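# Breakdown of the fold
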Amino acid sequence: GFVVSGPHCTAEKKGDHSGVNGANMWITNGDVADYFITLVATDPKNPKPHARFSLLVIEKNAPGFKSNKIHGKLGIRASDTAELQFTDCQVPAANLLGEPGKGTYYGMAFFTNTRIAVAAHGCGIALLASPSRKGLGWDFSFIVLVRSIARHLRQNRAAALSEKFSSSCADHQI
């Protein structure tokens, strides 16, 4: 995960590598992953704010990298979460992901593609929370929302997920 509106990491080009400094919080699997796609400020003075950032692939064993597991968090406890710290972390220039200055755009595209799945996940949990949606006081607007999400999933070629979600809706007479 990363904060698209203002990342807390900078990367300064130094020959054939970049020195990354800063920290990122609440990174899923940050304590167990071997590679991290990190949004970093590479051109902080660019007049176009969204063109100031790039994506770098940072390896767990890179000099200057440290991961700190977060204990006692709320939310999905089965998922490891960590703070990533970068102190003049040495990242090869070849680890630039995509084009320089396009990191914000790539991040927003990623979020656009995952938000609908997260929404479907939440609706699925709500549907399965009670065998009777009437017992929860659900009304027609909720049913319309669930059907809209399922339709959007189908239209975006998420066929397997959409089919599973739609069958869940059918099982619950939605």
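Above this note sits the structure.
Here we summarise the structure given alongside this text. (Residues numbered from 1 in each chain as written. Predicted model: local features only at pLDDT ≥ 70, side-chain atom pairs only at ≥ 80, totals over all residues. Heavy atoms only, no water.)

As a further point, take the overall build of the protein chain. Looking only at helices and strands, one finds three helices and seven strands in the protein chain. When the 174 residues of the protein chain are sorted by exposure, 34% land in the buried category. A sequence separation of at least 24 residues applies to 61% of the contacts in the protein chain between residues at least 6 apart. Total accessible area computed for the protein chain in this model is approximately 10,800 Å², and 58% of it derives from carbon and sulfur atoms. (Helix = DSSP H or I, 4+ residues; strand = E, 2+ residues; numbered from the N terminus. Buried < 20%, exposed > 50% of the residue type's maximum accessible area, 1.4 Å probe, protein only. Contact = heavy atoms within 4.5 Å. Areas by Shrake-Rupley, 256 points an atom, 1.4 Å probe, with all protein chains shown as cover.)

A separate point is the nonpolar core. Counting residues in each nonpolar core, the largest one holds 15 residues, and the members touching the most others are Val 20, Leu 56, Ile 58, Phe 65, Phe 86 and Cys 89. When residues in this core are grouped by element, the largest group, four residues, is from strand S6 (residues 81-92). Not counting the four nearest positions on each side in its chain, Val 20 is found in contact with Cys 9, Thr 10, Ala 11, Val 40, Leu 56, Ile 58, Phe 86, Thr 87, Asp 88, Cys 89 and Val 91. (Core = buried A, V, L, I, M, F, W, Y, C linked by side-chain atoms within 4.5 Å.)

For Thr 38, the position within the fold is in strand S3 (residues 35-41). A relative accessible area of 2% places Thr 38 in the buried class. Sequence-distant contacts of Thr 38, defined by excluding residues within four places in its chain, comprise Cys 9, Asn 24, Ser 54, Leu 55, Leu 56, Ile 58 and Phe 86.

Here we come to the pattern of salt bridges. What the rule picks out here adds up to two salt bridges. For the salt bridge of Lys 14 with Asp 88, the shortest nitrogen-to-oxygen distance reads 2.9 Å. Here Lys 14, found in strand S1 (residues 9-14), pairs with Asp 88, found in strand S6; they are 74 residues apart in sequence, far enough to count as distant. The exposure class assigned to Lys 14 is partly exposed, which follows from its relative accessible area of 33%. With its nearest N and O atoms 2.9 Å apart, the salt bridge here joins Lys 69 to Asp 80. (Salt bridge = Lys/Arg side-chain N within 4 Å of Asp/Glu carboxyl O.)

Following the criterion strictly, the structure yields zero disulfides and no others. You can see Cys 9 has no disulfide; the closest cysteine sulfur is in Cys 89, sitting 9.3 Å from it. Using a relative accessible area of 1% as the deciding quantity, one classes Cys 9 as buried. (Disulfide = S-S within 2.5 Å.)

For the structure on display, the rule yields two aromatic pairs. On the basis of an interplanar angle of 50° and a centroid distance of 5.6 Å, the ring pair of Phe 65 and Phe 86 is categorised as tilted. With a gap of 21 residues between them, Phe 65 in strand S5 (residues 65-69) and Phe 86 in strand S6 connect regions that are remote in the sequence. The same class applies to Phe 65 and to Phe 86, which are both buried. (Phe/Tyr/Trp six-rings, centres within 6.5 Å; stacked < 30°, edge-to-face > 60°.)

This part takes up the environment of Arg 52. Along the chain, Arg 52 falls in the loop between S3 and strand S4 (53-59). Arg 52 sits in the partly exposed class, given a relative accessible area of 25%. In sequence terms Arg 52 and Val 40 are twelve residues apart; their C-alpha atoms lie 8.4 Å from each other.

Everything listed here is a matter of geometry and, on its own, says nothing about what the molecule does.
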